[in-house]
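Read off the chains here:
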Amino acid sequence: MLIEKSFTALKESMESLKMPPLNQEDSLSFTEHGHFSSNISFAAAKVMKKNPMEIALKIAESMKGEFMLSSSAVKPGFINVTFTDRALIDEMKEIASEINWGKKDINKGKVNLEFVSANPTGPLVLVNMRAGVAGNCLAKIMQYSGYDAVKENYVNDSGKQVHNLGASILFHIAKDKGEFPENGYKGSYIKDIAFEVQKNHPPLNWSEENINLCADEGKRIILESQKKSLEKFHIVFDSWVYESFIRNEYIKKTEEYLREKKYIYVNENAVFLRTTDFGDDKDRVIYKSDGEMTYFLPDIAYHFYKAERGFDRIIDILGPDHHGYTSRIKASLQMLDKKSRFDIIIAQIVTLYRNNEKYEMSKRAGDFISMDELAEEIDPDVLKFLVLSRKLSQPFNFDIEKAKETTMDNPVYYVQYAYARLSSLMSNACINSFSDISYDYDSLGDDSLRSIAAKLLEFPYTVYSIAETYEIQKLPTYIVSLSSLIHSYYHDNRIITDDKKETNIKISVLFAARRILRTAFEMIGITVKERMEKNEV
RNA sequence: GCCCCUGUAGCUCAGUGGAUAGAGCAUUUGUUUCCUAAACAAAGGGCCACAAGUUCGAUUCUUGUCAGGGGCACCA
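Residues numbered from 1 in each chain as written. Chains lettered and ligands numbered in written order. Predicted model: local features only at pLDDT ≥ 70, side-chain atom pairs only at ≥ 80, totals over all residues. Heavy atoms only, no water.

The subject of this paragraph is the overall build of chain A. A tally of helices and strands in chain A yields 19 helices and 15 strands. Principal-axis analysis of the C-alpha atoms places the extent of chain A at approximately 85 × 60 × 40 Å. Taking all 537 residues of chain A together, 52% fall into the buried category. Long-range contacts, defined as pairs at least 24 residues apart, comprise 73% of the intrachain contacts of chain A with a sequence gap of at least 6. When the accessible surface of chain A is summed, it comes to about 25700 Å², and 48% of that surface belongs to carbon and sulfur atoms. Charge-centre separation for chain A: the mean point of 70 positive side chains lies 2 Å from the mean point of 79 negative side chains. (Helix = DSSP H or I, 4+ residues; strand = E, 2+ residues; numbered from the N terminus. Buried < 20%, exposed > 50% of the residue type's maximum accessible area, 1.4 Å probe, protein only. Contact = heavy atoms within 4.5 Å. Areas by Shrake-Rupley, 256 points an atom, 1.4 Å probe, with all protein chains shown as cover. Lys, Arg positive; Asp, Glu negative; His and termini not counted. Charge placed at Lys NZ, Arg CZ, Asp CG, Glu CD.)

One non-glycine residue, Val 116, adopts positive backbone phi at about 70°. Mapped onto the elements of the fold, Val 116 is located in the loop between β5 (109–114) and α5 (126–144). With a phi angle near 65°, Lys 262 is a residue other than glycine that sits in the positive phi range. Considering the arrangement of structural elements, one finds Lys 262 in the loop between α10 (251–260) and β8 (264–267). Under the relative-accessibility criterion, Lys 262 is labelled exposed at 63%.

What follows covers the domain arrangement of chain A. Partitioning chain A into domains gives domain 1 (2–83) and domain 2 (410–524). Taking the mean C-alpha position of each, domain 1 and domain 2 sit 28 Å from one another. Surface buried jointly by domain 1 and domain 2 totals about 580 Å² across both partners, of which 78% is contributed by carbon and sulfur atoms. It is Ile 3, Phe 30 and His 35 that lose the most area in domain 1 upon contact with domain 2, and together they represent 64% of the buried surface on that side. At the surface where domain 1 touches domain 2, the tally comes to zero salt bridges. For the pair domain 1 and domain 2, the interface holds one residue pair in polar contact (both at pLDDT 80 or more). Counting residues per element, the ones that place at least two in the side of domain 1 that touches domain 2 are α1 (2–16) and β1 (28–31). When residues in the side of domain 1 that touches domain 2 are grouped by element, the largest group, four residues, is from α1. Per-class residue counts for the side of domain 1 that touches domain 2 are six nonpolar, one polar and two charged. (Domains from an automatic or database assignment. Buried area = accessible area lost by both parts, 1.4 Å probe. Salt bridge = Lys/Arg side-chain N within 4 Å of Asp/Glu carboxyl O. Polar contact = N/O pair within 3.5 Å; in protein donor to acceptor, adjacent residues only side chain to side chain. Nonpolar A, V, L, I, M, F, W, Y, C, P; charged D, E, K, R; others polar.)

What follows covers the pairing of β1. One ladder, built from three bridges, connects β1 with strand β2 (residues 34–38); its direction is antiparallel. Bridge pairing in β2 links Ser 29 to Ser 37. Linking β1 to β2, which pair antiparallel, is a turn of two residues. (Pairing = 2+ DSSP bridges.)

Turning next to the sheet that holds β5. Overall, parallel pairing links the five strands, which are arranged β7-β6-β5-β11-β12 in an open sheet. Because the sheet does not close on itself, it has two edges, and the strands there are β7 (239–242) and β12 (341–346). For this sheet, the mean inter-axis angle between neighbouring strands, taken without regard to orientation, is 25°. Where β5 lies against strand β6 (residues 147–155), six bridges are found, and the strand directions are parallel. (Axes fitted to C-alpha atoms, helices over the stretch in contact; angles between N-to-C directions.)

Relative to the helices and strands, Ile 211 is located in helix α8 (residues 208–232). Overall, the relative accessible area of 4% leaves Ile 211 in the buried class. Separated by 48 residues in sequence, Ile 211 and His 163 place their C-alpha atoms 7.0 Å apart. Each residue touching Ile 211, except ones within four places of it in the same chain, is listed here: His 163, Gly 166, Ala 167, Leu 170 and Trp 206.

Within an α-helix, residues lying three or four positions from one another point in the same direction, as the helix has 3.6 residues per turn. Over its 18 residues, helix α16 (residues 411–428) extends 26 Å from the first C-alpha to the last, a length consistent with the 26 Å expected when each residue adds 1.5 Å. Among all positions in α16, only Val 412, Tyr 413, Val 415, Gln 416, Ala 418, Tyr 419, Ala 420, Arg 421, Leu 422, Ser 423, Leu 425 and Met 426 are buried. Summarising the contacts, the buried residues of α16 are in contact with α14 (380–389), α18 (474–492) and α19 (500–524). Immediately beyond the C-terminal end of α16, within one or two residues, lies Cys 430, with a positive phi of roughly 55°. (Expected span 1.5 Å × (residues − 1).)

A few words on the packing of helix α17 (residues 447–469) against α19. Interhelical geometry of α17 versus α19 gives an angle of 25° and a closest axis separation of 10 Å. With respect to α19, the element α17 is oriented roughly parallel. Between α17 and α19 lies a crossing whose hand is left-handed. Residue-level inspection shows Leu 449, Ile 452, Ala 453, Leu 456, Phe 459 and Val 463 of α17 in contact with α19, the latter providing Ile 505, Lys 506, Val 509, Leu 510, Ala 512, Ala 513, Ile 516, Thr 519, Ala 520 and Met 523. (Parallel < 35°, antiparallel > 145°, perpendicular 65-115°, else oblique. Left-handed = near helix turned anticlockwise from the far one by under 90°.)

One recurring pattern in soluble globular proteins: nonpolar side chains tend to sit buried together. Membership of the largest hydrophobic core comes to 141 residues, with the highest contact counts inside it found for Leu 374, Phe 398 and Leu 475. Broken down by element, the residue count for this core peaks at 13 residues, all from α19. Both domains that furnish three or more residues to this core are identified here as domain 1 (2–83) and domain 2 (410–524). Apart from residues no more than four positions distant in its own chain, Leu 475 is found in contact with Cys 137, Ile 141, Phe 459, Val 463, Ile 466, Met 523 and Ile 524. (Core = buried A, V, L, I, M, F, W, Y, C linked by side-chain atoms within 4.5 Å.)

This is the structure in structure tokens:
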């Protein structure tokens, strides 16, 4: 890859000048001043205590490589490199011919990516959709960047909330029922489940045993429907971990370990964990004074289980309600003394508006819009693109009516249209694969075509950076800006002409652009359309 | 009270320790050629909340102020 070659040239230049070794990748930026820009001279200037401009001049002068048209030092000390057309054309060929162009083939380690992890007590809601789409996308980004990513869903299938679910269901069945359970679930789906359970069982009276039976049936039915909801968005997991399994297999082990390490103490009959030793603002209870276990211990045990499976990195994408929860889970992971890197990403709240009015939601009261219902109103492709375009750590507000009204101006159609235009060109020009294109010429002709070619070089680096920073919105931003270049070029230029050579030159770049678009679409999970169906709006 | 997040164009939001701060929508104007205007081009619109500090340089980092949002548990 050209950018790799540039790094090498930069490194060799700095070595020959006896400059300190610095991480070149950190200093990479893509600007309009060249195909490759670096501000490494500023970093070097700090270490060497010299003028950055002076350093930049030396580096620019000594950088070597036949792929470079020029390398220059500018103003305060930037280094800009411009590639030759010949080198860009060779790069277009690489993109076209290598199926996984840009994908890192070195193994950077195993990653566990946990997301969604909803309680099996009701339909998945909007923030689950947000986290699901983001997690799915992030896993693909990690894989492209050289990581071996495992997508995991944790199911809280035991504990109090499941008991409440069972009681809420049985309430609609048992004749001798009492009051509606405190903290019970009120959604209408509960009645549907109750009806289902009633069909398969003899009349049930109010008893602990029957509550558990209803809970089991409820969990099963809800999990099935959650899976279906996820499938609508093509969210698929590699691994499902059940809390019941963790409770049986890992709680004891974890507790013994923590006790041995003396992180546990008793105060007023309650059992505490010294999370303050690792930065939490207060110690947390793992057994209440009535002897009941809190949810915290199974969660630690679950992370113990994760760490034990040899992941180099563990990532949790959590909902907004876990905001105050991150410091204690991080503390507990440090207690386990595993060397895995551990990151928590909070997927912020999704708030719906209808005609500028906020739509208040409460899951427990049964008043909410599920991700299924939303998918019925708005095309999942549109939702995915919208959701991924916003920073995950920021609250996401949008108006359903507006999202429907403005479909004409929706960015997802914009980018799909760019792809469809390219596909049409390829079929008109009878190009089925890169072998139909000739790459034996030395000029790209004009700057607008050159800038599309240069934009393609950015793609892998955009992806790699997301794998480290989790700023997924950079991918949609990239796709939109590439699409914009394509639309603009398409509008201004006739691509297929009688001049075979010129046609071929244009096609060589556009074929590669189409390749990159396709890879990017697959990463964010939107449909790749060879042609657009005209919408009646 | 304590903690976290946010404040960038009329609106919804990107972005960055550096080279002229961007996009979409909205407004005004112009452009229809392979997949079609679901597109392109141009114009207007900004004390990057405010103030101080850090340095060669801050919209970006630090602190404070003001404003908005979210979270605090022997609930899950």
